[in-house]
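Residue strings, one per chain:
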Amino acid sequence: MVVAQYKVTSDPQASSEGLDDMQVTSTVSATLSVEDDACTVPMKKDGKFTDTSDTECGEPIVQIPHSIKNPTSWCETLLHLLRGNVGSGVFAMGDAFHHAGLLVAPVLTLLLAVACVHSQHILLKCARAVSSKSPTSKPPDFADTVHECFEAGPPIIRKRAGLAKTLVNLFLCITQLGFCCVYFVFIANNMKQVMDEYISPLDVRVYMALALPPILFSSWIRSLKYLAPVSGVANFLMAIGLAVTIYFSSQDLPSVAERKAFAGWTDLPLFFGTAIYAFEGIGLVLPLQNEMKKPKKFAAPAGVLNIGMTMVTILFTAIGFLGYLKYGEGVAGSVTLNLPQDNILAQAVKLAVSVAMILTYALQFYVPIEILWPSVRLMVFPQDADEPAKAAKPRAFAEIFFRTALVLFTFTLAELVPQLGLAISLVGAVSSSALALMFPPICELVLAFANRDKKKVSVGFIIKDSALIILGVLGTVTGTYCSLRDIVLAITQPGHISGGH
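Residues numbered from 1 in each chain as written. Predicted model: local features only at pLDDT ≥ 70, side-chain atom pairs only at ≥ 80, totals over all residues. Heavy atoms only, no water.

Asks: How would you sum up the overall build of the protein chain? Please name residues and give values.
Replies: Across its full length, the protein chain holds 17 helices and five strands. Taken over 501 residues, the protein chain has a buried fraction of 52%. Partitioning the intrachain contacts of the protein chain with sequence separation of at least 6 by distance along the chain shows that 80% fall at a separation of at least 24. Just so you have it, the protein chain exposes about 22,200 Å², and 66% of that area is on carbon and sulfur atoms. (Helix = DSSP H or I, 4+ residues; strand = E, 2+ residues; numbered from the N terminus. Buried < 20%, exposed > 50% of the residue type's maximum accessible area, 1.4 Å probe, protein only. Contact = heavy atoms within 4.5 Å. Areas by Shrake-Rupley, 256 points an atom, 1.4 Å probe, with all protein chains shown as cover.)

Structural data, given as structure tokens:
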């Protein structure tokens, strides 16, 4: 167990004190840099916010319970970050490059990666700021951070703190359940290609139905402890799948001149939706940092976040570039679908990544269950809110029924939209962009203006955050429109969407 004590101070020298000498009990000196001053959150006293300078010696000591039975090391956290970001979206990057162009897409991918990682750093900074005003609470998650930031803002913003928290949880649920829908489509498309070689071709929806039972059974596992071995197997299979996919995509490459350098403005929203879907891992950063033995090393310049996301960006760019260069206009919504039909290794890889997605479904499903089930439980069993003894009762059968209904909901949506590329782009545009690019800068601006009497808010600061918000809004609106438009065309005019989408 690690018990962390956070000391918030304005002494710049204290910021150099690290966690290198941490033992069972560690003291973390988390200081705010000059940039962080804009995100200082006033302490809450008797229900009202007051300046932190009125605490002991002007340097408030804030006890943040950080009770972790099995804290993770730097390397373990890096592996978790990679696993959380490298999913079905990585195989869709070839399709993303097809929508942007071979030369334009790498540049846009790098810029989008920088924007997403910067937003993740903003979220971590805001969480560090708001944690100073809640001495007895657990480290804040994404929704809690947004709520507390709004609570610290001007009165007109403070009134909407509850709404902001609800929206974050809503987008988290949409994103994670969207991932689950895409997993059904991803699994079914890969299974269909393999099985069509040996039996009579069947509709892709049949393979979605075949994937339903194992996914349904895995969703009944209610403890992350029992999902850990499943995740380990999924990691192994995914690593094999990536290695073999890169191998096949690197063979007999055509000239770069044979591919479009820029695909045109019309398809750029589809690139954005697919790419932001692949990069959407902002919901992981706070839980991963909170689980670390040395949390300070998560967001450091050479910390887990920067190094991990650099590796992810390189991998995404490589898969996207090679996938589009190799297969051109025929690149599929998942590049695994372009692998040779008559090659046993390629066919085995399609099955391996399909199994990996089946095993990963329960992990993605865990987040919306944690958000939705407590509210649903109180609706069904209102008495649980009144008596602690009843509140501690697991209600296992009711929860399993709810989990089953939610799995069937994602299955139904996947059956309705079996075009993999469009499903991925829609999920990314609708919710991932809001979480990754809009909420963190909004929170930073709210905190900055809440403290403008102590530190002037610079024009550059406002422009930077506003640019991130505008990028998120444009991506959401245009990406959602283009994805829905093409989905309607794909349903009403079968065969309209080419390239295996």
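Right, picking up where we left off after that structure.
Asks: So what's going on with the pattern of salt bridges? Which residues, and what values?
Replies: Applying the stated criterion to the full structure yields eight salt bridges. As a salt-bridge pair, Asp-144 and Lys-165 come within 3.1 Å of each other at their nearest N and O atoms. You can see Asp-144 sitting in helix 5 (residues 142-151) and its partner Lys-165 sitting in helix 7 (residues 161-195), a full 21 residues away along the chain. We note a salt bridge from Arg-205 to Glu-415, for which the minimum N-O separation is 3.9 Å. Pair noted here: Arg-205 is in helix 8 (residues 204-219) and Glu-415 is in helix 15 (residues 396-416), with a separation of 210 residues, a long-range link. The class of Glu-415 is buried, set by a relative accessible area of 15%. Among the charged side chains, a salt-bridge network with shared partners connects Lys-125, Glu-444, Lys-464 and Asp-465. (Salt bridge = Lys/Arg side-chain N within 4 Å of Asp/Glu carboxyl O.)

Asks: I'd like to hear about helix 5, residue by residue, with values.
Replies: With ten of ten residues buried, helix 5 is to be regarded as a mostly interior element. Among all positions in helix 5, only Phe-142, Ala-143, Asp-144, Thr-145, Val-146, His-147, Glu-148, Cys-149, Phe-150 and Glu-151 are buried. For helix 5, the capping residue at the N-terminal end is Asp-141, with a side-chain oxygen 3.3 Å from the backbone nitrogen of Ala-143. (Polar contact = N/O pair within 3.5 Å; in protein donor to acceptor, adjacent residues only side chain to side chain.)

Asks: Before we move on, can you summarise the packing of helix 3 (residues 93-100) against helix 12 (residues 304-327) with the specific residues and values?
Replies: One way to put it is that helix 3 packs onto helix 12 with a least axis distance of 7 Å and a crossing angle of 65 degrees. One element, helix 3, and the other, helix 12, form an angle in the roughly perpendicular class. Crossing hand, helix 3 versus helix 12: right-handed. Each of Met-93, Gly-94, Phe-97 and His-98 in helix 3 lies in contact with helix 12, whose residues at this interface are Phe-316, Thr-317, Ile-319, Gly-320, Phe-321 and Tyr-324. Looking at the contact of helix 3 with helix 12 residue by residue, the class counts come to six nonpolar, four polar and no charged. (Axes fitted to C-alpha atoms, helices over the stretch in contact; angles between N-to-C directions. Parallel < 35°, antiparallel > 145°, perpendicular 65-115°, else oblique. Left-handed = near helix turned anticlockwise from the far one by under 90°. Nonpolar A, V, L, I, M, F, W, Y, C, P; charged D, E, K, R; others polar.)

Asks: Now, about the state of the cysteines: what can you tell me, with residues and values included?
Replies: Summed over the entire model, instances satisfying the criterion amount to zero disulfides. The closest cysteine sulfur to the non-disulfide-bonded Cys-180 is located on Cys-181, 7.0 Å from its own sulfur. Note on Cys-180: relative accessible area 0%, which makes it buried. (Disulfide = S-S within 2.5 Å.)

Asks: Go over the packing of helix 3 against helix 4 (residues 104-131), please, and point to the residues and values.
Replies: Two elements in contact, helix 3 and helix 4, have axes whose closest approach is 8 Å; the angle formed by their N-to-C orientations is 115 degrees. Judged by the angle between their axes, helix 3 and helix 4 are roughly perpendicular. When you trace helix 3 past helix 4, the crossing you get is right-handed. Residue-level inspection shows Met-93, Phe-97 and Ala-100 of helix 3 in contact with helix 4, the latter providing Val-104, Ala-105, Pro-106, Leu-108 and Thr-109.

Asks: Lay out the packing of aromatic side chains with the relevant residues and their values.
Replies: The tally for this structure, following the rule as stated, stands at eleven aromatic pairs. Ring geometry for Phe-262 and Trp-265: centres 5.4 Å apart, planes at 80 degrees, overall edge-to-face. Among the residues examined, Phe-262 registers a relative accessible area of 33% and is labelled partly exposed. Centre to centre, the rings of Tyr-361 and Phe-365 are 5.6 Å apart; their planes meet at 25 degrees, and the pair counts as stacked. (Phe/Tyr/Trp six-rings, centres within 6.5 Å; stacked < 30°, edge-to-face > 60°.)

Asks: Please set out empty space enclosed by the protein residue by residue, giving values where relevant.
Replies: Under the counting rule described, the total for this entry stands at one cavity of 30 Å³ or more. For the largest cavity, the calculated volume is near 120 Å³. What lines the largest cavity is a set of 14 residues, among which Gly-84, Asn-85, Gly-87, Phe-179 and Gln-364 lie closest to the centre. For the lining of the largest cavity, the elements supplying multiple residues, two or more each, are helix 1 (74-85), helix 2 (88-91), helix 7 and helix 10 (268-279). By residue class, the composition of the lining of the largest cavity is six nonpolar, six polar and two charged. (1 Å grid on protein atoms, 1.4 Å probe; cavity = no way out; pocket = protein on both sides within 12 Å on 5 of 7 lines; lining within 4 Å. Points joined across faces, edges and corners; volume = space filled by probe spheres on them.)

Asks: Lay out helix 3 in plain terms, naming residues and giving numbers.
Replies: Burial analysis of helix 3 places eight of its eight residues in the buried class, the great majority of the element. Within the sequence span of helix 3, burial applies to Met-93, Gly-94, Asp-95, Ala-96, Phe-97, His-98, His-99 and Ala-100. Positive phi appears at Gly-101, one or two residues downstream of helix 3, with a value of about 115 degrees.

Asks: Would you mind going over the side chain of Thr-313 in detail, with residue names and values included?
Replies: The topology assignment puts Thr-313 in helix 12. Residue classification places Thr-313 among the buried residues on the basis of a relative accessible area of 11%. Sequence-distant contacts of Thr-313, defined by excluding residues within four places in its chain, comprise Ala-113 and Phe-279.

Asks: Break down a nonpolar patch on the surface for me, citing the residues and quoting the values.
Replies: Together, Tyr-198, Ile-199, Leu-202, Val-206 and Leu-210 give the surface a local cluster of nonpolar side chains, amounting to about 460 Å² of exposed area. Here Val-206 lies in helix 8. (Patch = residues over 30% accessible without salt bridge, like charges linked within 9 Å, V, L, I, M, F, W, Y side chains within 5 Å.)

Asks: Any chance you could break down unusual backbone geometry for me, citing the residues and the numbers?
Replies: The backbone of Asp-252 sits at a positive phi, close to 50 degrees, despite the residue not being glycine. Looking at Asp-252, the relative accessible area reads 73%, which means it is exposed.

Asks: Give a description of the environment of Ile-491 that names residues and reports values.
Replies: By the secondary structure assignment, Ile-491 is in helix 17 (residues 459-492). Among the residues examined, Ile-491 registers a relative accessible area of 49% and is labelled partly exposed. Along the primary structure Ile-491 and Pro-418 are separated by 73 residues, whereas in three dimensions their C-alpha atoms are 9.4 Å apart.

As far as function goes, none of this settles anything; it's purely spatial.
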